[in-house]
Amino acid sequence: MIHLIPAVLVLVIVFIIVHSRNSVNKKKVGVIVLGDVGRSPRMREHCLSLAAEGYQVQYIAGRGSTVHPDLLSNKKISLHLVSPFTLPLPGAVCLIVKPLWQSLVLLLACCRYFWASHAILMQNPPSIPVMGVVWFVSRLYGSRMIVDWHNYGYTILGLRFKADHFLVKASYRIERLFGRFADDNFCVTSAMSADLHENWGIKAYTLHDRPSSITSADLPAKHELFLKLGQQYSAFRGQGPQDTAFTKEQDSKIKERAGRPVLIVSSTSWTADEDFSLLLDALVDYDKQWTTEFPAVICAITGKGPLKPHYEEKIEHLELQHVQFVTCWLEPNDYPLLLACADLGVSLHYSSSGLDLPMKVVDMFASGIPVCARGFKCIKELVLHGKNGCVFNDSDHLCRQLVTLFKKFPNGSKNLSILREGVKHFQSLPWHYHWKHVALPVFDDDYVFEDFGPDPPVPGMPEVPHAMI
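Analysis parameters
- Residues numbered from 1 in each chain as written.
- Predicted model: local features only at pLDDT ≥ 70, side-chain atom pairs only at ≥ 80, totals over all residues.
- Heavy atoms only, no water.
- Helix = DSSP H or I, 4+ residues; strand = E, 2+ residues; numbered from the N terminus.
- Areas by Shrake-Rupley, 256 points an atom, 1.4 Å probe, with all protein chains shown as cover.
- Pairing = 2+ DSSP bridges.
- Axes fitted to C-alpha atoms, helices over the stretch in contact; angles between N-to-C directions.
- Parallel < 35°, antiparallel > 145°, perpendicular 65-115°, else oblique.
- Left-handed = near helix turned anticlockwise from the far one by under 90°.
- Contact = heavy atoms within 4.5 Å.
- Nonpolar A, V, L, I, M, F, W, Y, C, P; charged D, E, K, R; others polar.
- Salt bridge = Lys/Arg side-chain N within 4 Å of Asp/Glu carboxyl O.
- Disulfide = S-S within 2.5 Å.
- Buried < 20%, exposed > 50% of the residue type's maximum accessible area, 1.4 Å probe, protein only.
- Polar contact = N/O pair within 3.5 Å; in protein donor to acceptor, adjacent residues only side chain to side chain.
- Phe/Tyr/Trp six-rings, centres within 6.5 Å; stacked < 30°, edge-to-face > 60°.
- Lys NZ or Arg CZ within 6 Å of the ring centre and 35° of its normal.
- Patch = residues over 30% accessible without salt bridge, like charges linked within 9 Å, V, L, I, M, F, W, Y side chains within 5 Å.

Describing the overall build of the chain
A tally of helices and strands in the chain yields 17 helices and 15 strands. Only carbon and sulfur atoms are counted for the fraction: they give 56% of the accessible area of the chain, which is about 22,100 Å².

Below, the structure written as structure tokens:
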């Protein structure tokens, strides 16, 4: 009887494959990302858009930071969290054991939750081991494999290891191989689409990140947030218990303080691909150049990461008169509100591949604030220099931009107002409209976009003279 066990197992596997292929539900989609569910906004928006179009979504993501309430409240989305690998193993052993453990966990989860799925959408990176697992399960169940390319995993590994490291080479080969096996692909920039096609023969649809909703805050809402932050961070406090550095209560009304400081917000992962010293050095130079024509600056930096303690120590030893730094970690609902309270955003993201774009800039635009962004190959697909923000190359360049934008703040800062108008143009094309245009036809072969055509134009966009910034 024992010798019959392999034959029985083979028959069971064949039955599962045949039954699953015959049971494919065209309105069921699996979505998977190995990264932190709370730090995967684009995949969240994919899930919400699929649900809005009537799809049942099985979403597998890494356990980590707080889950967005829209995911939890949507009855068409089933969220399944997998715990990260945390065993304290030596480096070399971990490099072998971790991907094997992740492969097993993801394989079991995908086999359980992606049964009868019409398509499986995965985020890349991370590539290892997700690509191999998704390819296997999609072939097993007869599902379409769709890859959303956010960047190249091998270039991110290249920040930690040398280019000839075996992990970097392995990631390159895995991405190239399984990327070609995918049935369809999305990517975040036109530059990445061209690169995938030219170098790997992969056709990818460009699906730019757009704001899913517009965040705004009136003066009372700003006042409440500043009071809340002031309980923990002294830079936000005012002279009285109901005053803040930016607002005050007078005659039972909330008013903006005369001569208030500028609020700059930067969100960073405190990693090697975001050089915080650029912003630090620029604001040190701004402090040296400060005159009464310019406002004081409060710079709030959100996020967590390995280099945060290093820079916090550097900030503590600075002796600045007109600039204050606040490194904070905010509740999910407070982050977009803080952006809406800010006067300017700063993005320090420098793409490891030169082909992806920082999602944080989209969040800032969604809150109505212009952005100074570090320049790299395709940043112009998001930040239009002199129109909705500024692009800088080094700390001196960023300092000059701050001086230009903040001169005679707030009422006389014409250039900052011009950039704010440019941001409104960006807000005119929301995520779901763009997603229906580009992505929905990939999931639904019979779908015809009601208003198919180019993205809405932005005529008459004001512009700050480039010589000034």
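So, the sheet that holds strand S6 (residues 184–187)
If you trace the seven strands from one edge of the open sheet to the other, you get S3-S2-S1-S4-S5-S6-S7, paired in parallel fashion. For this open sheet the edge positions go to strand S3 (77–82) and strand S7 (205–206), each flanked by a neighbour on one side alone. Pairing analysis gives two bridges linking S6 to S7, with the strands arranged parallel. Paired with Cys187 across the two strands is Thr206, which belongs to S7.

What to know about the packing of helix H5 (residues 130–141) against helix H7 (residues 166–181)
At a minimum axis separation of 10 Å, H5 and H7 run at an interaxial angle of 25°. In terms of orientation, H5 and H7 fall into the roughly parallel class. The chirality of how H5 crosses H7 is left-handed. In this structure, H5 contributes Met131, Gly132, Trp135 and Arg139 to the contact, and H7 contributes Ile174, Glu175, Phe178, Gly179 and Phe181. Tallied by class, residues from the contact of H5 with H7 come to five nonpolar, two polar and two charged.

Concerning the pattern of salt bridges
All told, the structure shown has 12 salt bridges when counted by the stated rule. With a closest N to O distance of 3.9 Å, Arg39 and Asp36 form a salt bridge.

Digging into the state of the cysteines
The final tally for this structure, using the stated rule, is zero disulfides. Looking at Cys110, it has no disulfide partner, and the nearest cysteine sulfur is the one in Cys111, 7.0 Å off. Classification of Cys110 by relative accessible area gives buried; the value is 1%. The structure places no disulfide on Cys372, whose sulfur is separated from the nearest cysteine sulfur, that of Cys390, by 4.5 Å.

Digging into the environment of Trp200
Here Trp200 lies in helix H8 (residues 190–200). Taking the C-alpha atoms as reference, Trp200 lies 8.8 Å from Leu177; in sequence the two are 23 residues apart. In terms of polar contacts, Trp200 uses its side chain to reach the side chain of Tyr172, at 3.4 Å.

A word on the sheet that holds strand S12 (residues 323–328)
The strand order across the open sheet built from six strands is S12-S11-S10-S13-S14-S15, with neighbouring strands paired in parallel fashion. Of all strands in the sheet, those with a lone pairing partner are S12 and strand S15 (389–392), marking the two edges. Geometrically, the sheet is characterised by an average inter-axis angle of 20° between neighbouring strands, direction not taken into account. Here three bridges tie strand S13 (residues 344–347) to strand S14 (residues 371–374), and the two strands are oriented parallel to one another. The residue bridging Gly345 from the neighbouring strand is Val371, located in S14.

Quick notes on the packing of aromatic side chains
Where two aromatic rings form a pair, the distance of their centres and the angle of their planes describe that pair. Enumeration over the complete set of coordinates arrives at 24 aromatic pairs. It is Lys27 that lies over the ring of Tyr55; its NZ or CZ is 4.1 Å from the centre. Above the face of the Phe426 ring, Arg210 is positioned so that its terminal group lies 3.9 Å from the ring centre.

Focus: unusual backbone geometry
The omega torsion of the bond from Ile128 to Pro129 falls at 5°, within 30 degrees of zero and hence cis. In this structure, the amide linkage connecting Phe409 to the following residue, Pro410, adopts the cis form with an omega of 5°. In this structure, Pro410 sits in the loop between helix H14 (395–406) and helix H15 (414–427). The residue Ala116 is not glycine, and still its phi comes out positive at about 65°. Here Ala116 is to be found in the loop between helix H4 (91–113) and strand S4 (117–124).

Quick notes on the packing of helix H9 (residues 219–230) against helix H12 (residues 334–341)
Relative orientation and spacing of two packed helices are given, respectively, by the angle between their axes and the distance between those axes. Contact geometry for H9 and H12: axes closest at 10 Å, N-to-C directions at 115°. Between H9 and H12 the crossing geometry is left-handed. Residues Ala221, Lys222, Leu225, Phe226, Lys228 and Leu229 of H9 lie in contact with H12, whose contacting residues are Asp334, Leu337, Leu338, Ala340 and Cys341. Taken together, the residues of the contact of H9 with H12 sort by class into eight nonpolar, no polar and three charged.

Notes on the pairing of S14
What you see with S14 is no split at all: Val371 and Ala373 on one side and Cys372 and Arg374 on the other are buried throughout. Two strands pair when backbone bridges link them, and S14 and S15 are joined in this way by four bridges, in the parallel orientation. The residue bridging Cys372 from the neighbouring strand is Cys390, located in S15.

Some remarks on the side chain of Thr247
Tracing the sequence through the fold places Thr247 in strand S8 (residues 247–250). For Thr247, a relative accessible area of 2% gives the class buried. Within the structure, Thr247 has its side chain in polar contact with the side chain of His223 (distance 2.6 Å). There is a polar contact of 2.7 Å between the side chain of Thr247 and the side chain of Thr244.

A word on helix H6 (residues 153–160)
For H6, the complete set of buried residues consists of Gly153, Thr155 and Leu157. Contact partners of the buried residues in H6: S4 and H7.

Overview of a nonpolar patch on the surface
A cluster of nonpolar side chains, namely Leu87, Leu89, Val93, Leu95, Ile96, Val97, Leu100, Trp101 and Phe166, defines an oily patch on the protein surface of about 800 Å² accessible area. The leading source of residues in the nonpolar patch is H4, at six residues. Structurally, the position occupied by Leu87 is in the loop between S3 and H4.

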